Structure formats: C-alpha cells, structure tokens
Amino acid sequence: AETVLDWHRTYAPTFKPSFEQTSAGLIRNHLVPHFGSQDLRELDQKALLGFIAKKLDEGLAPPTVLNALSIVRRVLNLLHQEGTISRNPANRLGQLMKRVERRSSAEVKQVDAFNSNEVETLLEQALRHEPRFYPALLTLFSSGMRRGELLGLQWQDVDFETGRIAIRRAIVRNALTTPKNGKGRTISMPPGLASCLFDVLAERRRQTLERGWKEVPEWVFCAETGGPQDERNFERTWFRLRRRVQKLGVRPLKLQCARHTYASLALAAGKSVRWVSEQLGHANPELTLRTYAHVLREEESDLSFAEFGVAKRRSDVATPSVESLNENAPGLSDRGHSGKLEHETGFEPATLTLAT
C-alpha cells in the first residue's frame, strides 16, 4: 500500500483535479484498508479477485471497484517497466470485471436515456418553472456535451454564423480543466439551439447594462454575479425539476442521461457512429458502438441484399400464368382443369426427362 501512496504523491501534479481527489479517496478508503502492507510484487489474479468479491459484498458498485483496481494496475505497470516484476496480473482487469458482472447480473445492462416525450415534458416544465435552467438543459439535450463542458462554455466558443460550438474546457468540481480526454472538438449546433442561445446572449447584454457590469460575462451559463456557475447549485436545480416532472410520469434518471439521450436519438435517426462519436468527444468510434449498439436503426424488412442465385431469380422473375403462356405460344390452349397444355390437334408428346 505504501507503494500506491508513493505513486499518488509522485504523479499527482500530472493528474486532473477531479482524478486526484477521486483516486486519493479510493486509495484511502478501499485499497489501503484491504491490502494493508502487502507487497504489490506478490499480487496475483487470485488476490485481485478477492478484493473484487469483498467490495461487491460490501455493496460497492462494479465501476467503483474497477476504478480502484485501475490504480493498482497503473502502479504495477510502472513496476513492470522498471523490471521489478515479470508481468502485470492486472493487465486484463476489464475482462475480469466483465466476467464478474455477468455472473452477478440478472440482465444485460444498457445505458439509460429519456424518450422523446420525456424530453418534451422536461423542457416544457423547465421553461415554465426554471427559466434560467431551460437554455442549459436544452443545450445538453441538443448537443450531447458533458455537464462540465456545458459549465465551461464561453461565448467565444459559440459561432452563430457557422452553427458550430467549440469544446475547449470544462468545469469539474468547481475547477477549470480540459475536456475529459484532454482534447478539444467542434460540434454541430441545431438551429433551435442557436436561436435559444442567441436569446440568452441578448438577455445577458441587457443584464450587463442593468447591473452596471463592465462587459458581458464570458460564461454562457453564468451565475447571478456573472461568474461561472456553481456545480452544486446547478445540480440542485436539476433535482428540483426532476422531482416535479416525476409526478408527470418522467423517470428520475441522472442528468448525464441527457447525453445518452442525444446519442441514442442520433443513432436511431441514422447518423453514423463516427459522427456521433465526434460529437460526444469519445476516444474512438468503437467506444460509441459498444455503448449504444442497442439503439442502432435496423432495416429488417428489406433483405434483398442477401438474395443470390436461384433465390434471387425466383424473387425477381414472376411465375408465368397459363394465360401468358397461351399468348406467347401460338397453337397451345388450356384444356379444362387438368392444367395440361396441348396443341389444337392433340396432346403434346411427353418429355421423358421431366415426366412424373
């Protein structure tokens, strides 16, 4: 455990503030109490499974268990690079956790997302009861950006002429930082969202004159004082709205589900996985596909692409009727109900190879 603590002290300057706090809590509350003074060089997969089993029994969520062990994996990677250990037993930690989750789960988990009716109800109630919160909520549903990215949005990032929004920063735990993967991106802005944000900018200019501010606040969703929005106040507003709409039949999902809703609706509408991945700021399209594969649009009715050979000829060429045969073959006629074709002068001689 001392090795892990030493790792945290050494590499803390390279961490984002949110990860520094989260990892410190995981080390202090879970890793140190469990592993104690155990030498990390002696860790094996059995020891890791023991930690997983104990923490799951204590009621810890699987993602939290994985986050804790990912710290151990980082430390073991460093020991492996130094040559202190021959192999890292935590290298396939993700696969190990998936097997554990499959065994303990009664059903396949999917990301939660609001349906279109729930989104309309949320926005309608926000406009009526939380008007200052409405533009922010509309932005989340209409862009798929993360909450921290929303709070870090500045007017210089919004291009009304091109209909684009640049994601350059985020506010996480009231600290200014880069987006989650450390990379900026530019996303599309629907016309309805552009119109709403333009109204917000006009209102902000009016407030600037009214309150005697030197200039329009740089933050798109600023606090009453013009500074950046406090995350806790933002969250409290969401909880207030969620309690209200729950009485109207809207499921009490997390605010993060607005992002899932955007991705789900975009993919269901036929947008490509790559485009949605770029909008969301995922590291790669594979992550988007794994997360939202269940909402991809399916066209099961048209299977013509898989018709080949005899099957295709049968479907493309209509079966000729007896009447059409009569028309195309002069001298042939239909004799009653037998279905046999004969010449006017008598029955056509049988063809031995086709006889039944």
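This text goes with the structure placed above it.
Being a predicted model, the structure only gives us computed values, none of them experimental. (Residues numbered from 1 in each chain as written. Predicted model: local features only at pLDDT ≥ 70, side-chain atom pairs only at ≥ 80, totals over all residues. Heavy atoms only, no water.)

Draft legend 1. Structural view of the overall build of the protein chain. Secondary structure summary: the protein chain contains 15 helices and eight strands in total. Residues counted as buried form 38% of the 356 residues belonging to the protein chain. Counting only contacts in the protein chain whose residues sit at least 6 apart along the sequence, the fraction spanning at least 24 positions is 55%. When the accessible area of the protein chain is evaluated, it comes to approximately 22,100 Å², of which 51% is carbon and sulfur surface. (Helix = DSSP H or I, 4+ residues; strand = E, 2+ residues; numbered from the N terminus. Buried < 20%, exposed > 50% of the residue type's maximum accessible area, 1.4 Å probe, protein only. Contact = heavy atoms within 4.5 Å. Areas by Shrake-Rupley, 256 points an atom, 1.4 Å probe, with all protein chains shown as cover.)

Draft legend 2. Up close: the nonpolar core. Formed by 42 residues in total, the largest nonpolar core has its most connected members in F114, L122, L137, I165 and L197. When residues of this core are traced back to their parent elements, those giving at least two are α6 (116-129), α7 (134-143), α8 (147-151), β2 (164-167), α9 (191-211), α10 (231-246) and α11 (257-268). Residues within four places of F114 in sequence aside, it is in contact with V119, L122, F141, W238, V250, R251, L253, K254, C257, A258 and T261. (Core = buried A, V, L, I, M, F, W, Y, C linked by side-chain atoms within 4.5 Å.)

Draft legend 3. How the structure looks around the pairing of β2. Note: strand β1 (residues 158-159) against β2, two bridges, orientation antiparallel. Bridge pairing in β2 places V158 opposite I165. Between β1 and the antiparallel strand that follows it, β2, lie four residues; G163 among them carries a positive phi value of about 70 degrees. The pairing of β2 with strand β5 (residues 185-188) spans four bridges and is antiparallel. Pairing of I167 across the sheet is with R185, part of β5. (Pairing = 2+ DSSP bridges.)

Draft legend 4. Looking closely at α6. Over its 14 residues, α6 extends 20 Å from the first C-alpha to the last, a length consistent with the 20 Å expected when each residue adds 1.5 Å. Taken together, the buried positions of α6 are E118, V119, L122, L123, Q125 and A126. The arc that holds every buried residue of α6, seen down its axis, measures 165 degrees, which confines them to one face. What points out from α6, more than 90 degrees from its buried face, is the exposed set N117, E120 and R128. Tucked into the core, α6 has its buried residues touching α7, α10 and α11. With a side-chain oxygen lying 3.1 Å from the backbone nitrogen of N117, the N-terminal cap of α6 falls on N115. (Expected span 1.5 Å × (residues − 1). Arc of directions from axis to C-beta. Polar contact = N/O pair within 3.5 Å; in protein donor to acceptor, adjacent residues only side chain to side chain.)

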